Amino acid sequence: MRQSRLPVKQRDLHRHHFDSTFWDDFRFRDDDIIISTYAKSGTTWMQQILAQLLFDGAPDLPVAEMSPWMDLRVPPKAVKLAAVEAQSHRRFLKTHLPVDALVFSSKAKYLYIGRDGRDVVWSLYNHHRNANSKWYQALNDTPGRVGPPIGKPPEDIREYFREWLEKDGFPFWSFWENARSWWEVRHLPNVMFLHFDELKEDMPGRIRAIAEFLSIPIDEKKWEDILLHCSFDYMKNNAAPSTPMGGAFWDEGAQVFINKATNGRWKDILTEEDNRRYETMAAARLGVDCARWFLGS
């Protein structure tokens, strides 16, 4: 059954990363854009795409500053809300919350990007394994953390995957809750669903579709600049403006944050039983159609 009513927030999420109450005091504008993913599913890529569309292909835009993660609990709520309120451009913000923990507005348009959970975990592992002490301090030692601290990952990526699968997204948050909640609102007129694979296979076509959904006119004279600046090679080589704190949370810098954008790296590592367990759980937790969609092409 297609959902026609706007969802209403049902709960809050608090942990080492999250404070969903940041949205409670957020004042929506009529043209706000909200980017949503579970995590490591093309969030930064979509932020770059929107920045390029909104600013006509300009280089070196401070995307991480322009497009903050609203439910990340640092910096404090008052600081983050004031900074976002002061923005005069069309705002494009990001969330990693499931729908039932989010204040959902008819004023905003929502872009949800999905990805196979196994590809997500491989990217998460790179993100987590390369994080330095500043990252752990920001998440674990700043005031307001609820729940246990996040620890260091194991050396074995397959162990990391299995723990993520069996403990419902550990040490981050539930993939199934996020995916299912957004799938249920995919037919709302202010929601656009995209798969990471679609962006990889036809980035120009998907960018034009995004622009149409958001009513952003494209300056054709700037089109090649937009495509260049949204390419993986450009983003990898110019990663600092798109990366939180310019990459200070990773000793190898911002280029670690913009990883490989490569799918299927798990295929030579996970066993047949690992994949069967993942796909069985996906069908059970998401439903067959949703699980199939998240598998991608």
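Scroll up to find the structure this text is about.
Quick notes on the rules
Residues numbered from 1 in each chain as written. Predicted model: local features only at pLDDT ≥ 70, side-chain atom pairs only at ≥ 80, totals over all residues. Heavy atoms only, no water. Helix = DSSP H or I, 4+ residues; strand = E, 2+ residues; numbered from the N terminus. Rg over C-alpha atoms; globule rule 2.2 N^0.38 Å. Buried < 20%, exposed > 50% of the residue type's maximum accessible area, 1.4 Å probe, protein only. Areas by Shrake-Rupley, 256 points an atom, 1.4 Å probe, with all protein chains shown as cover. Contact = heavy atoms within 4.5 Å. Polar contact = N/O pair within 3.5 Å; in protein donor to acceptor, adjacent residues only side chain to side chain. Axes fitted to C-alpha atoms, helices over the stretch in contact; angles between N-to-C directions. Parallel < 35°, antiparallel > 145°, perpendicular 65-115°, else oblique. Left-handed = near helix turned anticlockwise from the far one by under 90°. Pairing = 2+ DSSP bridges. Expected span 1.5 Å × (residues − 1). Salt bridge = Lys/Arg side-chain N within 4 Å of Asp/Glu carboxyl O. Phe/Tyr/Trp six-rings, centres within 6.5 Å; stacked < 30°, edge-to-face > 60°. Lys NZ or Arg CZ within 6 Å of the ring centre and 35° of its normal.

S.K.: Got a sec to walk through the overall build of the protein chain? Specific residues and values, please.
M.R.: Looking only at helices and strands, the protein chain features 14 helices and four strands. Scaling as 2.2 N^0.38, a compact globule of 297 residues should have a C-alpha radius of gyration of about 19 Å, and the protein chain matches this with 18 Å. In terms of its C-alpha atoms, the protein chain occupies a principal-axis envelope of roughly 50 × 40 × 40 Å. Residues counted as buried form 55% of the 297 residues belonging to the protein chain. Approximately 13,500 Å² of the protein chain is accessible, and the part contributed by carbon and sulfur atoms is 51%.

S.K.: Can you explain helix H5 (residues 133-140)? Please cite residues and give values.
M.R.: For H5, the complete set of buried residues consists of Trp135, Tyr136, Ala138, Leu139 and Asn140. Turning to H5, the residues buried within the fold contact helix H4 (117-129). The N-terminus of H5 is capped by Asn132, whose side-chain oxygen sits 3.0 Å from the backbone nitrogen of Lys134.

S.K.: Account for unusual backbone geometry, naming residues and giving values.
M.R.: In this structure, the amide linkage connecting Val74 to the following residue, Pro75, adopts the cis form with an omega of -5°. For the bond running from Phe170 to Pro171, omega is 5°, close enough to zero to count as cis. With respect to the helices and strands, the residue Pro171 is situated in the loop between helix H6 (157-166) and helix H7 (175-183). A positive phi angle, close to 155°, is found at Ala39, a residue other than glycine. The residue Ala39 is located in the loop between strand E1 (33-36) and helix H1 (43-54) in this model.

S.K.: Pulling in residues and values, what's your account of the packing of H4 against H6?
M.R.: Contact geometry of H4 with H6 gives a least axis separation of 10 Å together with a crossing angle of 120°. In terms of their interaxial angle, H4 and H6 are classed as oblique. For the pair H4 and H6, the sense of crossing is right-handed. Residues Gly117, Arg118, Val121, Trp122, Leu124, Tyr125 and His128 of H4 form the contact with H6, whose participating residues are Ile157, Tyr160, Phe161 and Trp164.

S.K.: Explain the sheet that holds strand E4 (residues 191-195) residue by residue, including any values.
M.R.: If you walk across this open sheet you meet the four strands as E2-E1-E3-E4, and the pairing is parallel. Each of the sheet's edge strands pairs with one partner strand only, and the pair in question is strand E2 (92-95) and E4. Shown here is a sheet whose adjacent strand axes are inclined to one another by a mean of 20°, direction ignored.

S.K.: Talk me through H1; I want residue IDs and the actual numbers.
M.R.: With twelve residues, H1 should cover 16 Å at 1.5 Å per step; its first-to-last C-alpha distance of 17 Å lies within 8% of that length. For H1, the tally of buried residues reaches eleven of twelve residues, placing the bulk of the element in the interior. Of the residues making up H1, those classed as buried are Thr43, Thr44, Trp45, Met46, Gln47, Gln48, Ile49, Leu50, Ala51, Gln52 and Leu53. Two residues or fewer after H1 comes Asp56, characterised by a positive phi angle close to 50°.

S.K.: Help me get a handle on the pattern of salt bridges, residues and values and all.
M.R.: What the rule picks out here adds up to 17 salt bridges. Here Arg118 makes a salt bridge to Glu279, at a shortest N to O gap of 3.0 Å. Note that Arg118 is positioned in helix H4 and Glu279 in helix H13 (residues 272-286), a separation of 161 residues in sequence. Residue Glu279 is classed as partly exposed on the basis of its relative accessible area, which comes to 40%. Between Glu198 and Arg206 there is a salt bridge; the shortest N-O distance is 3.8 Å. On the basis of relative accessible area, Glu198 is assigned to the partly exposed category, the value being 26%.

S.K.: For the packing of aromatic side chains, give the residues involved together with the corresponding values.
M.R.: With the rule as written, the count across this model stands at 32 aromatic pairs. Plain terms: the ring middles of Tyr38 and Trp164 are 6.4 Å apart, the flat faces sit at 75° to each other, and that makes the pair edge-to-face. With Tyr38 in the loop between E1 and H1 and Trp164 in helix H6, this pair connects stretches of sequence that are 126 residues apart. Taken individually, Tyr38 and Trp164 each receive the classification buried, so the pair is uniform in this respect. Over the face of the ring belonging to Phe213 we find Lys109, whose NZ or CZ atom lies 4.9 Å from the ring centre. The ring centre of Trp183 lies 3.7 Å from the NZ or CZ of Arg186, which sits over that ring.

Everything listed here is a matter of coordinates, which is why it stays silent on function.
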